[in-house]
Amino acid sequence: MTATEEHAPPAGFGRMKRKEDPRFIRGRGTYVDDVRLPGMLYGAVLRSPHAHARIRSIDISAAEAHPKVRAVITGQTLAGLNLAWMPTLSNDTQAVLATDKVRFQGQEVAFVVAEDRYSARDALELIEVDYEVLPAVVDARRALDPDAPVIRDDKEGRTDNHIFDWETGDAERTEQVFRDAEVTVAEDILYPRVHPAPLETCGAVADYDKVTGKLTVWETTQAPHAHRTLYALVAGLPEHKIRIISPDIGGGFGGKVGIYPGYVCAVVGSIVTGRPVKWVEDRSENLMSTAFARDFHMRGEIAASRDGTIRAVRVTVLADHGAFNGTAQPTKYPAGFFGVFTGSYDLEAAYCKVTGVYTNKAPGGVAYACSFRITEAVYLVERMVDVLAFELGMDPAELRMRNLLRPEQFPYASQTGWVYDSGNYLRQLELAMELAGYRALRAEQAERRARGELMGIGVSFFTEAVGAGPRKQMDILGLGMADGADLQVHPTGKAVLRISVQTQGQGHETTFAQIVANELGISPDDVEVVHGDTDQTPFGLGTYGSRSTPVSGAATAVVARKVRERARIVASAMLEVSPDDLDWDGSRWFVRGDPDKGKTIAEIAMAAHSSLELPEGVEGHLDAQTVYNPPNLTYPSGAYICVVDVDPGTGTVQVRRFVAVDDCGVRINPMIVEGQVHGGLADGVGMALMEVIAFDADGNCLGGSFMDYLLPTSMECPSWELGETVTPSPHHPIGAKGVGESATVGSPPAVVNAVLDAIRVRHADMPLTPAQVWRAIQGRPLRTDLAIT
Amino acid sequence: MRITVTVNDAEYTREVEPRLLLIHFLRDELGLTGSHWGCDTSNCGACVVWLDGKPVKSCTVLAAMADGRAVRTVEGLERDGRLDPVQQGFMECHGLQCGFCTPGMMMTARWLLDHNPDPAEAEIREAISGQVCRCTGYENIVRSVRWAAEHPAEVTA
Amino acid sequence: MQVPSHVEYQRATSVEHALSLLAGPEARVIAGGHSLLPMMKLRLAQPELLVDINGLAELSFIRLDGDELRIGALARHADLLGSAVAAEYFPILTDAERVIADPVVRNWGTIGGSLCQADPSEDLSAALAALRATAVIRGAGGARTVPVREFHTGPYETVIGPGELLAEIRVPVLPHSGSAYRKVKRRAGDWPVAAAGAVLQLGAGNVIETAGIGLTAVGAAHFTAAEAERYLAGRPADEESFAAAGEIAGRECHPAADQRGPEDYKRHLAAELTVRALRQAAARARGEG
């Protein structure tokens, strides 16, 4: 067998090689920085060195005089176009280019457009900004102090840095349970500020054609249609003349959902110069100014019985949103889906309160595969369960077994109103323990401990709520979260599927073809998946929150079934029987009782385009369209076990093993599912052990490069060991739940629990760098969101 | 200044500024956009190409330094339309997701296999330890390289 | 990605040619460029002229010459890591190279470049200080030698003047010796949180004749734990001596708190890693590997 021999792909679900790979392995992907248009100019952003400062003046004359510079845009320029401020996805406003003040280090102050990228960079140095430095709000826990500087004095009547309060659950009932519980534990738990840091930074090429009035923007965006609508609303450009193209994207992870000032500047630059303008940020801009993730200061409490029954969970959260509230959240959920902090357990009561505050830091909070704050919720509850285990002297796996929801309890309405669709949690954790050899690991741990060697075993169990969402409950800036899907089958039986979600590596060109293939009985190679170009695809809210499979995947199944039903009618005309006399065998409509008389989709497609007489009221061709409004979210789950070895003399941690048993319902392509899990597990190693964006007292960002913001390499990651259970989602057309963010959600607590288990410390905050581990062993852990002094 | 660089066996002579980085020369001057860039501090390895037969981070080399030298990029991995086993391996074993780190990973993998045709998993992990992937968690990259080691269709060095 | 400001470029055809080019103001050597170019991209360094010495084969060698290992300034990190003679006589160098940067950077970055960058966290500075190596600097007037322990005059500053070039490093072979290097980092390829290198020459009865201890990233003067070295001379090569030497090393350095760690942790590491390096150096000296 030669290396290039073709394997016939399965007609439907199953492992198959990706259809998108041939271009990538040849280096023929088209990412935004690969886009080159005739006459294209390059933009660069001048950014604030200060975290908080008044702008006294900006002198752009020297920059404008640079021979290669074609335009210099400031907040003043934009103010004239009413574009100096733009709405955020959280109904706040964000400065496109600063006018009065700068409010975080790295904030956009001016935009230069030049003939080449090197000249644009040179010209930045020619711009003189006179700043009056102001005291900065850096410690989120001080943001609401009475004497804290007011950051958002651009907003009428603002006297403090408070953004919102939000609560869920039953405060009184929860308090009752805490009062009469046998055991209560409480712990302050920080989920530090981290960053999705996709390998490709954010960027855009904006091309405004003065003659046709058409604006085309190639963008690193996970939500091209939402961007199109927003540009129309905000810039006053007619929406039918705006085309957003999301080409190949080098990773998104939630960092490419929002509209960044650089994109808007590129659009304005193109309008002003009459030429295409490319802006691609460098890595420090990416880390310092684009959507960070987490930054939740949480106080968790558990009320339990001495036998280990968890009765209630209570959480208070201080959420650091940075200088502008730029989180992408469904409107009614300012704290996202943090409400799933009740975890995978059956509780008598639960309550949480979240307070959002402004600080002099970059805007964001929802990104890095968080499933809208579910990473924070899961980390909180899984850390607290281990704190309880520590307090009771109980094995953490056993404690979870005692409290996990039972299969007969599904669908399960949680104390905060979430209806978990399906799950087989006990079996899942059991399987993870089998794969890990849990009992043997505990025995080994005891042996090693006796020799002074520190080995740790960490357990984490999570339930996610993904696939936002039902339009009545979920919208972003008023745009409902339902997705369209269009399917056309050509005369020769080849199909084109147009979807609204945009892949950044998840393999949509393959998996969505497999969904159609499964419904129509044709080869996935005969289904072309079109995505990313708003001129060619139906409306939808984009790819994030693991919603592609739950929402667009459902839409795809539904639209394929519509095509199949239309095909039934055409087949009935071909076979001269009633449609009710036809059955489907997976690839043909055939006459019941006479199976030799049947027609494949390909045959039906040709007939549908032919002169075949069709019944009254039935249109020809073989197309269908649908908009899928999900009835509920879907609830993937996971049981994870991590094994670490800690060097007590240095605090260094080596992740020896990681076992992950995921349940994402029906698995369209197990190879792709496994890849998604692998990637998320690496995220957990990163966040647990090394990733953090900290700030010093002046608001200087200490995580602004890959020398400081450390990403895990092949050396820190073990060989992942995967297993699965499959509990289909009862409401999803193909029973699938989505998996893109599962591993990122479930892995940080598994790694942290393992390290703390090794050193027998009740709690210490991430990242558990060697210094933090050593300090934790000494009983003096560090506070990780601020500079180490 | 004028430089002449051999890239994927073809000679290119261009007028460039001395400060032009090799990665920009390849991408912007020669239109070989298969090599990527992802950071400012020589950490991520998206830009890895071969310079005189050795993998280097082309964001940290001046085009001027490549004058008179030979460069190989991902576009030069396939020969006469035949994919390199490394390229085939990445497809067989799902070694890529977004594809952004992939060209750099494959160039390092090809060099590794040319010098160590049957590497252990630990050796593969070490060889790519200077290159970041945010999608795959490295597992399938390692498997892809093992696949190429086990299916050496032809010698490409 | 960030890009350098304007600069001129000349390729040296000989060492003499390089020296004449370097005599001008604001001229900098570029070899591997993996220390200089990152600084230039961030515009922290803005030389006027880059003198490319990559073609000077006479500076690229690693060889045993009598009782010295001679390492040309242009030797790449990968070459030193793969050098059998270095591994045999000075495993401290192999240990250190294994944890310097990453395999791809090591292909192009040079020994000379790293030393001349004079980063206070640079690993070879500590390893070569422990080895009591000597730097050979060439200038228009000839060559001069400077002990590596006197080579650095401050963070990012060396004794190399205008019109001079680091040509090679010479490491004296010590009979009956062993050496080792130990580093703690937050992640593969990261700069050290702290690192220690030890070189022990053992005499009869397991007594330490000479000790060399190099420290990096902890503010040790001249990358050396001099007091700990003096303590060890004449003492038995045993755990008690090592522990005491480690403690002294931990006290005599001046680590600064930063995102890699607080001061107390770094002092602890200086001590702990000194002990571990000594332990393995002694084992290697005894032929125990």
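Predicted, not measured: the structure shown is a model, and the values here were computed from it. (Residues numbered from 1 in each chain as written. Chains lettered and ligands numbered in written order. Predicted model: local features only at pLDDT ≥ 70, side-chain atom pairs only at ≥ 80, totals over all residues.)

## What to know about the overall build of chain A
Part 1 of the argument: When its secondary structure is counted, chain A shows 18 helices and 33 strands.
Part 2 of the argument: Taken over C-alpha atoms, the radius of gyration comes to 27 Å for chain A, in line with the 28 Å a tight globule of 789 residues would show.
Part 3 of the argument: Principal axes of the C-alpha set define a box for chain A whose edges measure 80 × 75 × 55 Å.
Part 4 of the argument: For chain A, buried positions account for 62% of its 789 residues.
Part 5 of the argument: Looking at chain A alone, contacts between residues at least 24 apart form 79% of all its contacts between residues at least 6 apart. (Helix = DSSP H or I, 4+ residues; strand = E, 2+ residues; numbered from the N terminus. Rg over C-alpha atoms; globule rule 2.2 N^0.38 Å. Buried ≥ 20, exposed ≤ 12 C-beta atoms within 10 Å, placed from the backbone. Contact = placed C-beta atoms within 7 Å.)

## Topic: the overall build of chain B
Part 1 of the argument: Scanning chain B from terminus to terminus reveals five helices and five strands.
Part 2 of the argument: Element order for chain B, N to C, with α for helix and β for strand: β-β-α-β-β-β-α-α-α-α.
Part 3 of the argument: Computed over the C-alpha atoms, the radius of gyration of chain B is 15 Å, within 12% of the 15 Å expected from 2.2 N^0.38 for a compact globule of 157 residues.
Part 4 of the argument: Taking all contacts inside chain B whose residues are at least 6 apart in sequence as the whole, residues at least 24 apart take part in 60%.

## Details of the interface of chain B and chain A
Part 1 of the argument: The partner chain A presents 49 residues to the 43 residues of chain B that form the contact.
Part 2 of the argument: When residues of the side of chain B that touches chain A are traced back to their parent elements, those giving at least two are helix 2 (85-92), helix 3 (102-115) and helix 5 (139-150) of chain B.
Part 3 of the argument: The dominant element in the side of chain B that touches chain A, judged by the number of residues it contributes, is helix 2 of chain B, at six residues.
Part 4 of the argument: In terms of residue class, the side of chain B that touches chain A is built from 18 nonpolar, 17 polar and eight charged. (Nonpolar A, V, L, I, M, F, W, Y, C, P; charged D, E, K, R; others polar.)

## Some thoughts on the pairing of strand 25 (residues 495-499) of chain A
All names here are of chain A.
Part 1 of the argument: Within strand 25, four of the five residues are buried, which leaves the element mostly enclosed by the surrounding structure.
Part 2 of the argument: Relative to strand 25, strand 24 (residues 483-489) runs antiparallel, the two sharing five bridges. Looking across to strand 25, one finds that Asp486 is bridged to Arg498.
Part 3 of the argument: The hairpin formed by strand 24 and strand 25 contains five residues between the paired strands, and Gly493 there has a positive phi angle of roughly 85°.
Part 4 of the argument: Here four bridges tie strand 25 to strand 26 (residues 527-530), and the two strands are oriented parallel to one another. Paired with Arg498 across the bridge in strand 26 is Val530. (Pairing = 2+ DSSP bridges.)

## Observations regarding the sheet that holds strand 24 of chain A
Residues and elements named next belong to chain A.
Part 1 of the argument: Read from one edge of the open sheet, four strands run 26-25-24-30, paired in mixed fashion. Either end of the sheet is taken by a strand with one partner, and the two such strands are strand 26 and strand 30 (622-628). Adjacent strand axes in the sheet meet at a mean angle of 15° when their direction is disregarded.
Part 2 of the argument: Contacts from helix 14 (residues 548-575) reach strand 24, strand 25 and strand 30, with the element oriented near 145° to strand 30. (Axes fitted to C-alpha atoms, helices over the stretch in contact; angles between N-to-C directions.)

## Structural notes on the interface of chain C and chain A
Part 1 of the argument: Contacts between the two partners involve 21 residues from chain C and, on the opposite side, 25 residues from chain A.
Part 2 of the argument: If one sorts the elements of the side of chain C that touches chain A by residue count, helix 11 (residues 263-285) of chain C sits on top with four residues.
Part 3 of the argument: The class makeup of the residues in the side of chain C that touches chain A is nine nonpolar, six polar and six charged.

## Examining the confidence of the model for chain B
Part 1 of the argument: Of the residues in chain B, 97% have a pLDDT of 70 or more, and the chain-wide mean is 96.
Part 2 of the argument: Reported confidences for the modelled complex are a pTM of 0.97 and an ipTM of 0.98. (pLDDT = per-residue confidence, 0-100.)

## Digging into unusual backbone geometry
Phi is mostly negative for residues that are not glycine, and the peptide bonds are mostly trans.
Part 1 of the argument: Backbone torsion omega between Phe410 of chain A and Pro411 of chain A reads -5°, so that peptide bond is classified as cis.
Part 2 of the argument: Position of Pro411 of chain A relative to the elements: it lies in the loop between helix 10 (396-403) and strand 19 (412-413).
Part 3 of the argument: Even without a glycine there, the phi angle at Ala197 of chain A is positive, about 40°.
Part 4 of the argument: Within the fold, Ala197 of chain A resides in the loop between strand 10 (183-194) and strand 11 (203-209).
Part 5 of the argument: Positive phi, close to 70°, is recorded for Tyr138 of chain B, a residue that is not glycine.
Part 6 of the argument: Relative to the helices and strands, Tyr138 of chain B resides in the loop between helix 4 (121-127) and helix 5.

## Some points on the sheet that holds strand 12 (residues 194-202) of chain C
Residues and elements named next belong to chain C.
Part 1 of the argument: Across the sheet, which stays open at both edges, the three strands sit in the order 11-12-13 with antiparallel pairing between neighbours. The sheet terminates laterally at strand 11 (177-184) and strand 13 (208-216), the two strands that pair on one side only. For this sheet, the mean inter-axis angle between neighbouring strands, taken without regard to orientation, is 10°.
Part 2 of the argument: Two elements, strand 12 and strand 13, share eight bridges in a ladder whose sense is antiparallel. Within strand 13, the residue paired with Gly197 across the bridge is Gly214.

## Re the packing of helix 13 (residues 508-520) of chain A against helix 14 of chain A
Residues and elements named next belong to chain A.
Part 1 of the argument: Running from amino to carboxyl end, helix 13 crosses helix 14 at an angle of 35°, the nearest separation of the two axes being 9 Å. Remark: the crossing between helix 13 and helix 14 carries right-handed chirality. In contact with His508, Phe512, Ile515, Val516, Glu519 and Leu520 of helix 13, helix 14 contributes Ser548, Gly553, Thr556, Ala557, Ala560, Arg561, Val563 and Arg564.
Part 2 of the argument: Residues belonging to the contact of helix 13 with helix 14 are distributed by class as follows: seven nonpolar, four polar and three charged. (Left-handed = near helix turned anticlockwise from the far one by under 90°.)

## Digging into the pairing of strand 1 (residues 8-11) of chain C
Residues and elements named next belong to chain C.
Part 1 of the argument: Burial along strand 1 is one-sided: the residues Tyr9 and Arg11 are buried and none of Glu8 and Gln10 is.
Part 2 of the argument: Note that strand 1 and strand 3 (residues 49-52) share four bridges and pair parallel. When the bridges of strand 3 are listed, Glu8 appears paired with Leu49.

## Considering the confidence of the model for chain A
Part 1 of the argument: Across chain A, the average pLDDT comes to 96, with 99% of residues at 70 or higher.
Part 2 of the argument: Below pLDDT 50 for its whole length, residues 1-10 of chain A participates in twelve contacts with residues either more than four positions away or in separate chains.

## Considering helix 18 (residues 770-777) of chain A
Part 1 of the argument: For helix 18 of chain A, a buried count of seven out of eight residues is recorded, marking the element as mostly surrounded by other parts of the structure.
Part 2 of the argument: In this fold, the buried residues of helix 18 of chain A make contact with strand 31 (637-646), strand 32 (653-663) and helix 17 (742-759) of chain A together with strand 11 and helix 11 of chain C.
Part 3 of the argument: One or two positions beyond helix 18 of chain A, positive phi appears at Gly779 of chain A, with a value near 85°.

## Considerations on the packing of helix 9 (residues 374-392) of chain A against helix 10 of chain A
Residues and elements named next belong to chain A.
Part 1 of the argument: One way to put it is that helix 9 packs onto helix 10 with a least axis distance of 9 Å and a crossing angle of 115°. What the angle tells us is that helix 9 and helix 10 run roughly perpendicular. Seen along the crossing, helix 9 lies across helix 10 with a hand that is right-handed. Contacts between helix 9 and helix 10 pair Val385, Asp386, Leu388 and Ala389 from the former with Pro396, Leu399 and Arg400 from the latter.
Part 2 of the argument: Tallied by class, residues from the contact of helix 9 with helix 10 come to five nonpolar, no polar and two charged. (Parallel < 35°, antiparallel > 145°, perpendicular 65-115°, else oblique.)

## Notes on the environment of Pro175 of chain C
Part 1 of the argument: If you trace the backbone, Pro175 of chain C turns up in the loop between strand 10 (164-172) and strand 11.
Part 2 of the argument: In sequence terms Pro175 of chain C and Leu74 of chain C are 101 residues apart; their C-alpha atoms lie 27 Å from each other.

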